[in-house]
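Each chain is listed here by its residues.
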Amino acid sequence: MPKIIKILSIVSLLILFCLPHPFVYAQNKIIAIVNDDVITEKDYLEFINFTRIELAQRMPEAEVEKRISAMQKDLLERLIEDRLIIQQAKKVNISVDKLRVKSRIDEIKKQYGSEAAFQEALKRQGLVQADLEQKIREQFMMFQVVEAKVRAKIIVNPAEVTRYYEENHGTMTVPQRRKVLVLISDSQESLTKAREDIVSGSPEEEVVKKYVLSKSELNAAKEELRNEISAIVFSLNSGEISAVSPIDGKFYLFKITEITPLHQLSLEEAKETIHGLLFNQKMQAAMVTWLDELKKKSYLKIF
């Protein structure tokens, strides 16, 4: 009897190790069908992780997670649309140069500072470099087919630009900008003395050398500056110099060297911006229409 039990135990272990792990079942679970393609839970998770890597190049990590959470309900729809576009690209035999993919990978790597940091970031997302290369290759394929099927057909004529300007010229303005001389020191006392010398008429270059100050220049609108800096800079008149201000452990002086007032753009100045705006509006509408047509012609099933 014990011998039979031992044999049964060995058979049970063999069955246990030969069967796929429950996690594998979960990963392979089909969540959508797009014509002849299936989308699995694994595909969906990889798509989220790839989106996370893309966002990380443009915003802080905490902001990335907020954006991912906000996008969560739309990501499956985006993945389905991507599959439809890739299918269209394959139908017309679009290919992607390997050098383009490599160049894009190299750009992403630069964001991480080192090969090790890049590989670690991929590992955290459950990806390897081959996964990333495949996603980038698909992006280039999608771009090419969208360029041919949608973007190339959009036209914005000069009359549309003029009409938009006439209807919205009141909003076609450039905000006030200020050129600012910035002097920085670790010593409040040195910067206070430097300020006194400048107010007394001493040349700024001499003052910078005398007190060993750091010097930089800004040319910015109010919304382009940090709040504590814009509050100082936009309280001064042209030629006026600020009091010594502590910011982030250092001491700053700001002197206004030029003020460019808010002004309304002419049609000539605004036409490029308007053209881009109208083009993007048409592009967005055309993409929605094109994707809707693809969906109507396709077999789609979401589980």
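What you are looking at is a predicted structure, and each value in this text was computed from that prediction instead of being measured. (Residues numbered from 1 in each chain as written. Predicted model: local features only at pLDDT ≥ 70, side-chain atom pairs only at ≥ 80, totals over all residues. Heavy atoms only, no water.)

Caption draft 1: Representation of the side chain of S242. Along the chain, the position of S242 falls in the loop between helix 11 (227-233) and strand 6 (245-247). Residue S242 is classed as buried on the basis of its relative accessible area of 3%. Excluding residues that lie within four positions of it along the chain, S242 makes contacts with R195, I232, L236, Y252, L253 and F254. (Helix = DSSP H or I, 4+ residues; strand = E, 2+ residues; numbered from the N terminus. Buried < 20%, exposed > 50% of the residue type's maximum accessible area, 1.4 Å probe, protein only. Contact = heavy atoms within 4.5 Å.)

Caption draft 2: A positive patch on the surface, seen in detail. Taken together, the side chains of K91, K149, K153 and K297 make up a positively charged region of the molecular surface. As for its position among the elements, K153 is in the loop between helix 7 (129-149) and helix 8 (158-168). (Patch = residues over 30% accessible without salt bridge, like charges linked within 9 Å, V, L, I, M, F, W, Y side chains within 5 Å. Areas by Shrake-Rupley, 256 points an atom, 1.4 Å probe, with all protein chains shown as cover. Salt bridge = Lys/Arg side-chain N within 4 Å of Asp/Glu carboxyl O. Lys, Arg positive; Asp, Glu negative; His and termini not counted. Charge placed at Lys NZ, Arg CZ, Asp CG, Glu CD.)

Caption draft 3: Geometry of unusual backbone geometry. Of note, N35 is a non-glycine position whose phi angle comes to about 55°, a positive value. Tracing the chain through its elements places N35 in the loop between strand 1 (30-34) and strand 2 (37-40).

Caption draft 4: Summary view of the sheet that holds strand 7 (residues 250-260). Read across the open sheet, the four strands follow the order 5-4-7-6; overall the sheet is antiparallel. The open sheet has two free edges, formed respectively by strand 5 (214-221) and strand 6, since each of these has just one partner strand. Between one strand and the next, the sheet's axes are offset by a mean angle of 40°, whatever the strand orientation. Sheet topology places strand 4 (residues 177-185) next to strand 7; nine bridges connect them, and they run antiparallel. Paired with L181 across the two strands is K255, which belongs to strand 7. Of the strands in this sheet, strand 4 and strand 7 touch helix 9 (residues 188-199), which is tilted by about 30° from strand 7. (Pairing = 2+ DSSP bridges. Axes fitted to C-alpha atoms, helices over the stretch in contact; angles between N-to-C directions.)

Caption draft 5: The arrangement of the pattern of salt bridges in detail. Per the stated rule, a full pass over the model turns up 20 salt bridges. A salt bridge links E46 to K42; the nearest nitrogen and oxygen atoms lie 2.6 Å apart. Within this pair, E46 and its partner K42 are both found in helix 3 (residues 41-56), separated by four residues, close to a single helical turn. A relative accessible area of 14% places E46 in the buried class. In this structure, D186 and K250 form a salt bridge, with 2.6 Å as the shortest nitrogen-oxygen distance. Linking D186 in the loop between strand 4 and helix 9 with K250 in strand 7, this pair joins segments that are 64 residues apart in sequence. Ionic contacts of the salt-bridge type, sharing partners, join the residues E77, E81 and K295 into one network.

Caption draft 6: Geometry of the nonpolar core. Core analysis: the largest hydrophobic core is formed by 54 residues, its most contacted members being I85, L132, I136, V146, I274, M287 and W290. Contributing elements (two or more residues each) for this core: strand 1, helix 3, helix 4 (61-91), helix 5 (98-112), helix 6 (115-124), helix 7, helix 8 and helix 12 (267-297). In contact with L132, other than residues within four places in its own chain, are F50, I105, I108, F118 and L122. By size, the runner-up hydrophobic cluster in this structure holds 14 residues, among which are V180, I229, V233 and F254. (Core = buried A, V, L, I, M, F, W, Y, C linked by side-chain atoms within 4.5 Å.)

Caption draft 7: Structural detail: the packing of aromatic side chains. A complete count under the given rule lists two aromatic pairs for this structure. For the pair Y252 and F254, a centre-to-centre distance of 5.9 Å together with 10° between the ring planes defines the contact as stacked. Look at Y252 and you get buried, because its relative accessible area is 17%. Over the face of the ring belonging to F140 we find R100, whose NZ or CZ atom lies 4.1 Å from the ring centre. (Phe/Tyr/Trp six-rings, centres within 6.5 Å; stacked < 30°, edge-to-face > 60°. Lys NZ or Arg CZ within 6 Å of the ring centre and 35° of its normal.)

Caption draft 8: Structural context of the pairing of strand 2. As defined by bridge partners, strand 1 adjoins strand 2 across four bridges and the pair is classed as antiparallel. Residue pairing across strands places V34 opposite D37, the latter belonging to strand 2. Taken together, strand 1 and the strand that follows it, strand 2, pair antiparallel across an intervening segment of two residues, in which N35 is found at a positive phi of about 55°.

Caption draft 9: Summary view of a nonpolar patch on the surface. A contiguous nonpolar patch, built from I30, V38 and F303 and spanning about 280 Å² of accessible area, is present on the exposed surface. Structurally, the position occupied by F303 is in the segment after strand 9 (300-302).

Caption draft 10: Molecular detail of the sheet that holds strand 2. The sheet built from three strands is open, its strands ordered 2-1-9 with antiparallel pairing. At either end of the open sheet lies a strand with only one pairing partner, and these are strand 2 and strand 9. Neighbour-to-neighbour, the strand axes of this sheet turn through a mean angle of 20°, independent of strand direction. Bridging between strand 1 and strand 9 involves three bridges; their strand directions are antiparallel. Residue pairing for strand 9: I33 is matched across the bridge by K301. Across the sheet, helix 3 is in contact with strand 1 and strand 2; its angle to strand 2 comes to roughly 70°.

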